[in-house]
Amino acid sequence: MPVDTVTIALQRLKKHGYKYTQKREDIITVFVEENRYLPAKAVLQALEDEYPTLSYDTIYRNLYTFVEVGILEETELNNEKLFRITCLHEGHHHHHFICQQCGMTIALQMCPMDFFEQQLEGCQISSHRFEIFGVCKNCLTAG
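Residues numbered from 1 in each chain as written. Predicted model: local features only at pLDDT ≥ 70, side-chain atom pairs only at ≥ 80, totals over all residues. Heavy atoms only, no water.

Per an unreviewed UniProt entry, the protein carries the name Ferric-uptake regulator and comes from Trichococcus flocculiformis. Looking at the Sequence similarities (unreviewed entry) heading of the UniProt record, one finds this comment for the protein: "Belongs to the Fur family." Regarding the protein, the UniProt comment filed under Subcellular location (unreviewed entry) reads as follows: "Cytoplasm". (UniProt positions renumbered as here; feature names shortened; annotations may be inferred.)

Here's what the structure looks like:
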């Protein structure tokens, strides 16, 4: 039976010296279930019934911890930080189309780095990120 994404994320947290809490598992579960970029506010709203005293500070602290250990990816759209679950299964390099209205993402299986590496001869690239922003077909047909 394959290990699920929440379990992999919790194992990664433990590997980096962070303790398991139900709250952390629930935050990760929100991202796994939504499978799209979310602002901290959406995470807080998703958990407010279960944790009525949960604060933005707690959410942000955990989100940035998750980014640091490679559980979440972050991006910025319209001056707002958005987060999504990282593709935690190894060997699956890809990029994303991100809907600017609903935050839904579509994995892009092609990486444009070959093109750019040819133009950067003699340079050493340490990392890259490629995202396309637009409006998904669901939002286009709904609006």
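A. Quick look at unusual backbone geometry. Phi is positive for Asn 35, close to 50°, though the residue is something other than glycine. Inspection of the secondary structure puts Asn 35 in the loop between α2 (22-34) and α3 (40-47). Accessibility expressed as a relative area gives 42% for Asn 35, which makes it partly exposed. Positive phi values are uncommon outside glycine, yet Asn 78 reaches one of about 55°. On the secondary structure map, Asn 78 appears in the loop between β1 (72-77) and β2 (80-85). Since its relative accessible area comes to 64%, Asn 78 is described here as exposed. (Helix = DSSP H or I, 4+ residues; strand = E, 2+ residues; numbered from the N terminus. Buried < 20%, exposed > 50% of the residue type's maximum accessible area, 1.4 Å probe, protein only.)

B. Fine view of the packing of aromatic side chains. Taken as a whole and assessed by the stated rule, the structure comprises 4 aromatic pairs. Considering the side-chain rings of Tyr 60 and Tyr 64, the 6.2 Å spacing of their centres and the 20° angle between planes classify their relative orientation as stacked. With a gap of 4 residues between them, Tyr 60 and Tyr 64 both fall in helix α4 (residues 56-68), about one helical turn apart. Classification of Tyr 60 as partly exposed rests on a relative accessible area of 33%. Using a relative accessible area of 33% as the deciding quantity, one classes Tyr 64 as partly exposed. Judged by centre distance (5.4 Å) and plane angle (85°), the ring pair of Tyr 64 and Phe 83 falls under edge-to-face. Highlighted residues: Tyr 64 in helix α4 and Phe 83 in strand β2, separated in sequence by 19 residues. You can call Phe 83 buried: its relative accessible area is 0%. Within the aromatic cluster, the residues linked to one another by ring pairs are Tyr 56, Tyr 60, Tyr 64 and Phe 83. Across the ring face of Tyr 37, the terminal group of Arg 84 is positioned such that the distance to the ring centre comes to 5.9 Å. (Phe/Tyr/Trp six-rings, centres within 6.5 Å; stacked < 30°, edge-to-face > 60°. Lys NZ or Arg CZ within 6 Å of the ring centre and 35° of its normal.)

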